[in-house]
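Topology and contacts: notes
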Amino acid sequence: MKIYNTLSKSKQEFVPLEPGKVKMYVCGPTVYNLIHIGNARPMIVFDTVRRYMEHKGYEVNYVSNFTDVDDKIIKKAIEEGVDSSVISERYIEECKKDMAAMNIKPATTHPQATNEICGMLDMIGNLIEKGFAYPAADGTVYFRTRKFKEYGKLSHKNLDDLQGGNRSLLVSGEDQKEDPLDFVLWKPKKDGEPYWESPWCNGRPGWHIECSVMSKKYLGDEIDIHAGGEDLIFPHHENEIAQSEAANEREFAKYWMHNAFLNIDGSKMSKSAGNFFTVRDIIAKYDPMVLRFFMLSAHYRSPLNFSSELMDAAKSGYERIVTAAENLKFLMETAADTAMTGAEEELKKTADQFVARFDEAMDDDFNSADALSVIFELVKFINTNADSAKTKTFLHAMYTELQELCDICGLIIERKADILDDEIEQLIADRQAARKAKDFAKADEIRDTLLAKGIVLEDTREGVKWKRA
Ligand code: AMP
Ligand code: ZN
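What counts, and at which threshold
Counting restarts for each chain: residues are numbered from 1 in the order of the written sequence. Chains and ligands are labelled sequentially in the order written, the chains with letters from A and the ligands with numbers from 1. Local features in this predicted model are restricted to residues whose pLDDT is 70 or higher, and side-chain atom pairs enter the listing and the counts only when it is 80 or higher, whereas totals over whole chains, interfaces and linings include all residues. By convention in this description, side-chain values take in all heavy atoms of the structure and omit both hydrogens and water. Two aromatic rings from Phe, Tyr or Trp, using only the six-membered ring of Trp, form a pair when their centres are within 6.5 Å; if the ring planes differ by under 30 degrees the pair is stacked, by over 60 it is edge-to-face, and anything between is tilted. Only when the NZ of Lys or the CZ of Arg is both within 6 Å of the ring centre and within 35 degrees of the ring normal is a charge said to sit over the ring. We call two strands paired when DSSP finds no fewer than two bridges between them. Each helix is a run of H or I in the DSSP string that is no shorter than four residues. Each strand is a run of E no shorter than two, and both are numbered from the N terminus. Lines are fitted to the C-alpha atoms to define the axes, a helix being fitted only along its stretch in contact, and any angle between axes, read from their N-to-C directions, falls within 0 to 180 degrees. Contact definition: two residues touch when any of their heavy atoms are within 4.5 Å. Listed donors are limited to N, O and S atoms within 2.8 Å of the metal, widened to 3.2 Å for Na, K and Ca; water is not among them, so incomplete-looking sites are possible. Here the metal geometry follows the donor angles, with tetrahedral for four donors whose angles all fall between 85 and 135 degrees, square planar for four and octahedral for six when opposite donors are more than 155 degrees apart and every other angle is between 65 and 115, and irregular for all the rest. Any residue under 20% of the maximum accessible area for its type is buried, any over 50% is exposed, and the rest in between are partly exposed; the area is computed with a 1.4 Å probe on protein chains only. Throughout this document, a residue counts as near a molecule or strand when at least one of its heavy atoms sits within 4 Å of that molecule or strand. Counted as a polar contact is a pair of N or O atoms within 3.5 Å, where, for protein atoms, one must be capable of donating a hydrogen and the other of accepting one, and residues adjacent in sequence contribute only when both atoms are in side chains. Residue-level accessible areas treat just the shown protein chains as cover; the underlying method is Shrake-Rupley with a 1.4 Å probe. Side-chain classes follow a simple rule in which Ala, Val, Leu, Ile, Met, Phe, Trp, Tyr, Cys and Pro form the nonpolar group, Asp, Glu, Lys and Arg form the charged group, and the remainder, Gly included, forms the polar group. Boundaries between domains were set according to an automatic or database domain assignment. If you view a crossover with the strands going away from you and the path from the first strand over the helix to the second runs clockwise, you call it right-handed. Throughout this description, the term salt bridge denotes a Lys or Arg side-chain nitrogen within 4 Å of a carboxyl oxygen of Asp or Glu. In plain words, nonpolar cores are sets of buried Ala, Val, Leu, Ile, Met, Phe, Trp, Tyr and Cys residues tied together by side-chain atoms within 4.5 Å. By the definition adopted for this analysis, an angle is roughly parallel if under 35 degrees, roughly antiparallel if over 145, roughly perpendicular if from 65 to 115, and oblique otherwise. The sense of a crossing depends on the near helix, which, turned anticlockwise from the far helix by less than a right angle, makes the crossing left-handed and, turned clockwise, makes it right-handed.

Here we come to the packing of aromatic side chains. One pass over the structure, following the stated rule, counts 13 aromatic pairs. A connected cluster of aromatic rings, assembled from ring pairs, spans Phe14, Tyr58 and Tyr255. We note Lys271 situated over the ring of Phe276; from NZ or CZ to the ring centre the distance is 5.9 Å.

In structure tokens:
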């Protein structure tokens, strides 16, 4: 299995630190609002990486944090007149609902920064002791960037270029830095902000120290994979490396994986630019599996442009898989419950090759776009051979193969039965009765109820017809 490592700028063979085990940390969202589909991209991509690793037999310890102390959370808390934990807890719950809808497995641990302050104070103290950090007069603690000789190794930036670029970034209050390149580990509280006591001042942690500390606590000093969106390469991940490696005196992570952006009209989807759709917006219109399919239809290191045309294409692609699976189930009901025929054995061997090719695509730096193409080849193969199949055993084998490949992608192939056909028929009958009684308000209400469940009614001369949208 090869992984593109941002650190070496090349695809490298994956060799775990400990045989059979993978320790993986994925930077999670800052929780001050509903997540947007840009945030969902790393969630879906790295959940798929995890699922594939599990399929290969690895035991994956997957840690993904929630950043629950941050300027934006505090601002929102002040606006609503509540404690900032009310805001973060609310959006952690909402985020978990979105993750469940997108079939993203819960992490082994979902740490929250505010529960890990002790570890942060320890690491900052350790860095000060070693001369890698210093408190300024107002109690702000800075990391002494130039002292970490390998600074820039992840983002492939040169310290002197950074210095030139950063000098102009010195803002008031930061002029106590020894060097413009130094970054904050701990900062003093301002009025109305949450704070913790520390040897340097009452205050709160900087963002970067959170991840170094949570990764160390839940996975140890050295991990296999550290991941996130490509905007995190610099400065967030560069700073994490500096902190962790200076404190632990070990290589922090072996493989650094970064997903490209989800764009809209060619620019990065982001809260601050206002050009975003929340996951909630999208799953009100599409099955969350369609969103998942859409995300996996591009390689994770390629930018992906969001458009309703691409979502509609994803919808029909996903629908083709579900229809093939449904057809297999339907045929299984009447097929002979006997061993496969000789011809079916041969067909099964051909189908097995799709599984091998799927693995080949995923082994090549998780090429989900190619992996989905292989699933389509399998679907085509199923559609060509299922109707003439003789045995349930063969049909079942095809179903299992399709299901296994889709499961690695996190795609559920059973259609969501949130409304059964019988219930639809009953509601249509009720609507007809309401119309007959001239209770049009009730008739419309029933139509809208069905529409909300994705059922579209069509009044025709032959009567009412319905279809799933
Ligand atoms: P944030 O809440 O901004 O810290 O982002 C959480 C995660 O989402 C990080 O890994 C970001 O890199 C990622 N992310 C944010 N916006 C996008 C986007 N438009 N496309 C892809 N990833 C994104
Ligand atoms: Zn992080």
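Moving on, we get to the sheet that holds strand S4 (residues 59-64). Strand order in the open sheet formed by four strands is S4-S3-S9-S10, and the pairing between neighbours is parallel. Either end of the sheet is taken by a strand with one partner, and the two such strands are S4 and strand S10 (253-259). On average, adjacent strands in this sheet sit at an angle of 20° to one another, irrespective of strand direction. Inspection of the sheet shows strand S9 (residues 223-229) paired to S10 by six bridges, in the parallel sense. Bridge assignment links Ala227 to a residue of S10, and that residue is Met257. The strands touched by helix H6 (residues 207-219) within the sheet are strand S3 (21-26), S4 and S9, with S3 carrying the most contacts at an inclination of about 155°.

Now for the coordination of the zinc ion (ligand 2). When a metal carries six donors in an octahedron, the ideal angles between them are 90 or 180 degrees, while four donors in a tetrahedron ideally lie at 109.5 degrees. Around the zinc ion (ligand 2), the donor atoms from the protein are Cys27 (SG), Cys211 (SG), His236 (NE2) and Glu240 (OE), and they sit 2.1 to 2.8 Å away. One can describe the donor arrangement at the zinc ion (ligand 2) as irregular, given that its four donor atoms subtend angles of 69 to 127° at the metal. Written as a sequence motif, the donor arrangement for the zinc ion (ligand 2) is C-x183-C-x24-H-x3-E. One end of the pair, Cys27, is in the loop between S3 and helix H1 (37-55); the other, Glu240, is in helix H7 (residues 233-248), and 213 residues separate them in sequence. Each member of the pair Cys27 and Glu240 is classed as buried.

Looking now at the site of ligand 1. Around ligand 1 there are 18 residues in total, and Thr30, Gly229, Asp231, Leu262 and Met269 lie nearest to it. Here an oxygen atom of ligand 1 sits 3.0 Å away from a polar atom, N or O, in the main chain of Gly229. Separating an oxygen atom of ligand 1 from a side-chain N or O atom of Asp231 is a distance of 2.4 Å. Protein coverage of the free-state accessible area of ligand 1, which is 490 Å², stands at 89%. Going through the elements one at a time, H1 and S9 are the ones with two or more residues in the shell around ligand 1. Looking at which element gives the most residues to the shell around ligand 1, the answer is H1, with three residues. Each residue belonging to the shell around ligand 1 can be placed in one class, and the counts come to eight nonpolar, eight polar and two charged.

In this model, Phe234 is joined to Pro235 through a cis peptide bond whose omega is 0°. Despite not being glycine, Lys438 shows a phi value in the positive range, around 60°. Tracing the backbone through its elements, the reader meets Lys438 in the loop between helix H14 (421-436) and helix H15 (440-452).

It is worth spelling out the sheet that holds strand S8 (residues 203-205) at this point. Pairing in this open sheet of four strands is antiparallel, and the strands run S5-S6-S7-S8 from one edge to the other. The two strands at the open ends of the sheet, each matched to only one other strand, are strand S5 (133-135) and S8. Shown here is a sheet whose adjacent strand axes are inclined to one another by a mean of 20°, direction ignored.

The next point concerns the domain arrangement of the chain. Quite often, the size of an interface is put as the accessible area lost when its parts meet. Per the domain assignment, the segments making up the chain are domain 1 (2-259), domain 2 (309-408) and domain 3 (422-468). Taken over C-alpha atoms, the centre of domain 1 sits 52 Å from the centre of domain 3.

Taking burial as the measure, the seven residues of S10 include six buried ones, the bulk of the element. In the classification by handedness, the crossover that spans S9, the intervening H7 and the parallel S10 is right-handed.

The next thing to look at is the pairing of S4. Relative to S4, S3 runs parallel, the two sharing six bridges. Its bridge partner lying in S4, Tyr25 is registered against Val63. Each parallel crossover has a hand, and for S3 linked through H1 to S4 it is right-handed.

Before going further, it helps to spend a moment on the pattern of salt bridges. Under the definition given, this model contains 36 salt bridges. The shortest N-O distance in the salt bridge between Glu79 and Lys75 comes to 3.5 Å. Remark: Lys75 and Glu79 occur in helix H2 (residues 71-80); sequence separation between them is four residues, near one turn of the helix. One salt bridge connects Glu193 with Arg204, and the closest N-O pair in it is separated by 3.2 Å. Of the two residues, Glu193 sits in the loop between strand S7 (183-188) and S8 while Arg204 sits in strand S8, which places them eleven residues apart along the sequence. Of the two residues, Glu193 and Arg204, both sit in the buried class. What you see here is one network of salt bridges that share partners, running through Asp47, Arg51, Arg292 and Asp407.

Of all hydrophobic cores here, the largest spans 94 residues; its most connected members are Met53, Ile225, Phe366, Ile375 and Leu402. With ten residues, helix H10 (residues 308-334) is the largest single contributor of residues to this core. The residue makeup of this core includes at least three contributed by each of domain 1 (2-259) and domain 2 (309-408). Those residues in contact with Ile225 that lie beyond four places of it in its chain are Ile3, Phe14, Val22, Lys23, Met24, Tyr25, Met53, Tyr255 and Met257.

Geometrically, a packed helix pair is captured by the angle between its two axes and the distance between the axes. Relative to each other, H10 and helix H12 (residues 368-385) sit at 40°, their axes nearing to 10 Å. Comparing the axis directions of H10 and H12 gives the class oblique. Taken as a pair, H10 and H12 cross one another with a handedness that is left-handed. Of the residues in H12, those in contact with Gly317, Arg320, Ile321, Ala324 and Leu328 of H10 are Ile375, Phe376, Val379, Ile382 and Asn383. Of the residues contributing to the contact of H10 with H12, the split by class is seven nonpolar, two polar and one charged.

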